[in-house]
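Notes for the structure review
Each chain is listed here by its residues.
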Amino acid sequence: MADAKVIPFDDDRSRGGAAQRPPRRRSVGSRRTGEPALVREVQPLPGRAPAQDDVPVTSEEEPPQKPQDAGGLEQRIAGGLAFLRRRLTGDYEVDDFGYDEELTDQVLMSLLRPVYEKYFRVEVKGVENIPSQGGALIVANHSGTVPMDGLMMQVAVHDHHPAGRHLRLLAADLVFMLPVVNELARKLGHTLACAEDAERLLAQGEVVGVMPEGFKGIGKPFSERYKLQRFGRGGFVSTALRQGTPIIPCSIVGAEEIYPMIGNAKTLARVLGFPYFPLTPTFPWLGPLGAIPLPTKWTIQFGEPIPTDGYPPEAAEDPMLMFNLTDQVREQIQHTLYKLLVQRRSVFF
C-alpha cells in the first residue's frame, strides 16, 4: 500500500481556498482489495479548535424542540375540561349558604378581576391585617350608588391575602329579591345581613364583610361624599363579641365618584320598589351609556384589628360597650378616609 500524501494548509498548490478549510482525516488503503484503511491524523493549526467541532450538525440530527408553553397550555385545557365535566355531572360542593368556591375561583373572580385591575386599578393596603386563620369581621364604608365596592373588596382579599382567604359579604334583602343577581350573589358567598348568618360564618372561621351604612351610604348625594352615615345600632359589634373575633376597619376611596348622584327621583323609586333612583350627570340622560361607571382610581386600606376576645361573654349585651366599640370603628374608618383623600393626587390617576 502506498502512503497517503498530506498537503500542508499553506501550500500554494491548494485550490478553492484550501488554506481556509478545516483539517480533515485522510485515509490510505486499497478500495478495490478491501484492505482496512490506515488513518493518519492531521494536527490542527495552533489556536484552532479540533476538527470534529467544525463539522456542522444537520437538522436530522437535532432533537425536535417542544414549545415551552405547550405543557402549560395542555394543562389549562385539561383543567378546563375537568371543570366542565364536574359542572355537568354535579360533582362539586356548595355550602349551606349556596357558596360555590370552585365556581367563584375559576369563573366569577376571573370576570371581576379585569374591572378590578384594569378599570378601577385598585391599590390595596394593609391586607396582612386580616388574620391567616380563624374568623374575622371586616367593617367598611359603603358608597357609589351601585354597590360595586363590596365586590372589589372581595377581589382584594381573594387575590392579595397571603393565605388566599375568601371574603363572605353580608348583603341587603334587595340583593336576594332580584333575579340572576340573587343566584350570582349566593355563588359568590354572599348571605343575608342578619346576626344569625353572620355568627354561623364567624363560628366556622370565615372572614365576613359588612357595610353598616347600608342604603344610606350608597344612596347619599354626591355633596356628602366620604362622610360616613350612621352605623345602625351596632349589631355587627355584638356579633363579633359573641364569637370573640377581631373587627377590622376598612376604608375605600374611589367608589364615591363612579356614579356622582346629583339627584334622586323618589317617586319613581317608590314605584319600582327601590330605596332610591339615582340621577347622575350621565344617567338616565345618555341611556345605557350612562350606566357605565366612571373609571376612577381606587384605594382599599385594611386597618389595624380591634380585638374582642378579651371581653367577658356578657359584654355582647352591654349597650354602652357596643356604642363605644361602634364609635371607635367608625372614627377609625373616617380618619383613614380623610388621610387617603389628602394623599390622593387625582380622582382618575
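It should be noted that the structure appears before, not after, this text.
Just so it is clear, the structure is predicted and the values come from calculations on it, not from any experiment.

1. Description of the overall build of the protein chain
For the protein chain, the helix and strand inventory stands at nine helices and 11 strands. Counting only residues that meet the buried cut, the protein chain has 38% of its 349 residues in that class. Long-range contacts, defined here as pairs at least 24 residues apart, represent 74% of the contacts in the protein chain between residues at least 6 apart. Carbon and sulfur atoms provide 56% of the accessible area of the protein chain, an area that totals close to 20,800 Å².

2. Some words on helix α2 (residues 101-119)
Of all the bends in α2, the greatest measures close to 45° and is centred on M109. Of all the positions in α2, only L103, T104, L108, M109, L112 and Y116 are classed as buried. Looking at where α2 begins, the residue whose side-chain oxygen comes 3.4 Å from the main-chain nitrogen of E102 is D100. Directly beyond the C-terminal end of α2, a positive phi value near 50° is found at R121.

3. Here we look at the packing of helix α7 (residues 235-243) against helix α9 (residues 319-343)
Following both chains from N to C, one finds α7 and α9 inclined at 110°, their axes separated by 9 Å at the closest point. Our classification of the angle between α7 and α9 gives roughly perpendicular. Taken together, the residues of α9 that come into contact with α7 (itself represented by F236, V237, S238 and L241) are L321, M322, L325, T326 and V329. The residue inventory of the contact of α7 with α9, partitioned by class, reads seven nonpolar, two polar and no charged.

4. Focus: the side chain of R87
Checked against the element boundaries, R87 lands in helix α1 (residues 70-89). There is a polar contact of 2.5 Å between the side chain of R87 and the side chain of D100. Setting aside its immediate chain neighbours within four residues, R87 contacts Y92, D100, E102 and L103.

5. A look at the nonpolar core
With 33 residues, the main nonpolar core has I138, M153, I252 and F302 as its most contacted residues. If you list the elements that add at least two residues to this core, you get α2, β4 (136-140), α3 (149-160), β5 (167-171), β8 (247-253) and β11 (299-302). Aside from chain neighbours lying at most four places away, what touches M153 is I138, A140, L167, L169, M211, C250, I252, I300 and F302. Within the second largest apolar cluster, 28 residues are counted, among which are L201, F231, V253 and M322.

6. Here we look at the pattern of salt bridges
If you walk through the whole model with that rule in mind, you get 12 salt bridges. Salt-bridge contacts for R87 lead to E102; the nearest nitrogen and oxygen are separated by 3.4 Å. In this pair, R87 sits in helix α1 while E102 sits in helix α2, placing the two residues 15 residues apart along the sequence. D159 serves as the salt-bridge partner of R113, at 2.7 Å between the closest nitrogen and oxygen. Note that R113 is positioned in helix α2 and D159 in helix α3, a separation of 46 residues in sequence. Its relative accessible area of 29% is what places D159 among the partly exposed residues.

7. Thoughts on the sheet that holds β8
Strand order across the open sheet formed by seven strands is β3-β11-β8-β4-β7-β5-β6, with mixed pairing between neighbours. The two strands at the open ends of the sheet, each matched to only one other strand, are β3 (123-125) and β6 (191-192). Sheet topology note: the β4/strand β7 (residues 207-210) ladder contains four bridges and is parallel. Within the sheet, the bridge partner assigned to I138 lies in β7 and is G209. The strands touched by α7 are β4, β7 and β8; relative to β4, the strand with the most contacts, the crossing angle is about 165°.

8. Comments concerning the packing of aromatic side chains
If you walk through the whole model with that rule in mind, you get four aromatic pairs. With a centroid separation of 5.2 Å and an interplanar angle of 75°, the aromatic rings of Y119 and F120 are classed as edge-to-face. Taking relative accessible area as the criterion, Y119 reaches 30% and is therefore assigned partly exposed. Summarising the aromatic geometry, the rings of F277 and F283 are spaced 5.9 Å apart at their centres and angled 40° between planes, so their arrangement reads as tilted. Residue classification places F283 among the partly exposed positions, given a relative accessible area of 25%. Following the ring pairs from residue to residue traces out a cluster consisting of Y119, F120 and W298. Looking at R87, its charged tip hangs above the ring of Y92, at a distance of 3.6 Å from the centre.

Cut-offs used in this document
- Every chain's residues receive numbers from 1 upward, in the order its sequence appears when written.
- Side-chain atom pairs in this predicted model are given and counted only at pLDDT of 80 or more, local residue features only at pLDDT of at least 70, and totals for whole chains, interfaces and linings cover all residues.
- By convention in this description, side-chain values take in all heavy atoms of the structure and omit both hydrogens and water.
- Helix and strand assignments come from DSSP, with helices taken as H or I runs of at least 4 residues and strands as E runs of at least 2, each series counted from the N terminus.
- The cut-offs for exposure are 20% and 50% of the maximum accessible area for each residue type, with area from a 1.4 Å probe on protein chains only; residues under the lower value are buried, those over the upper are exposed, and the others partly exposed.
- In what follows, a contact means two residues having at least one pair of non-hydrogen atoms within 4.5 Å.
- Each accessible area is a Shrake-Rupley result for a 1.4 Å probe, and residues are judged covered by the shown protein chains and nothing else.
- Across the chain, bend at a residue is computed as the angle between axes fitted to the seven residues ending at that point and the seven starting from it.
- Throughout this description, a polar contact denotes any pair of N or O atoms lying within 3.5 Å of each other; where both atoms belong to protein, one of them has to be capable of donating a hydrogen while the other can accept it, and for residues adjacent in sequence the pair is counted only when both atoms sit in side chains.
- Each axis is a line fitted through C-alpha atoms, and for a helix only the stretch in contact is used; angles between axes span 0 to 180 degrees, taken between their N-to-C directions.
- Throughout this description, any angle smaller than 35 degrees is read as roughly parallel, any larger than 145 degrees as roughly antiparallel, any in the 65 to 115 degree range as roughly perpendicular, and the remainder as oblique.
- Think of it as three bins: nonpolar holds Ala, Val, Leu, Ile, Met, Phe, Trp, Tyr, Cys and Pro, charged holds Asp, Glu, Lys and Arg, and polar takes everything else, Gly as well.
- Residues enter a nonpolar core if they are buried and are Ala, Val, Leu, Ile, Met, Phe, Trp, Tyr or Cys, with the set joined through side-chain atoms within 4.5 Å.
- Just to be clear on terms, a salt bridge is a Lys or Arg side-chain nitrogen sitting within 4 Å of an Asp or Glu carboxyl oxygen.
- Strands qualify as paired when DSSP identifies two bridges or more between them.
- Each pair of aromatic rings taken from Phe, Tyr and Trp, with Trp reduced to its six-membered ring, is defined by centres within 6.5 Å and is described as stacked if the planes are under 30 degrees apart, edge-to-face if over 60, and tilted in the remaining cases.
- Two conditions define a charge located above a ring, namely a distance within 6 Å from the ring centre to NZ of Lys or CZ of Arg, and an angle within 35 degrees of the ring normal.

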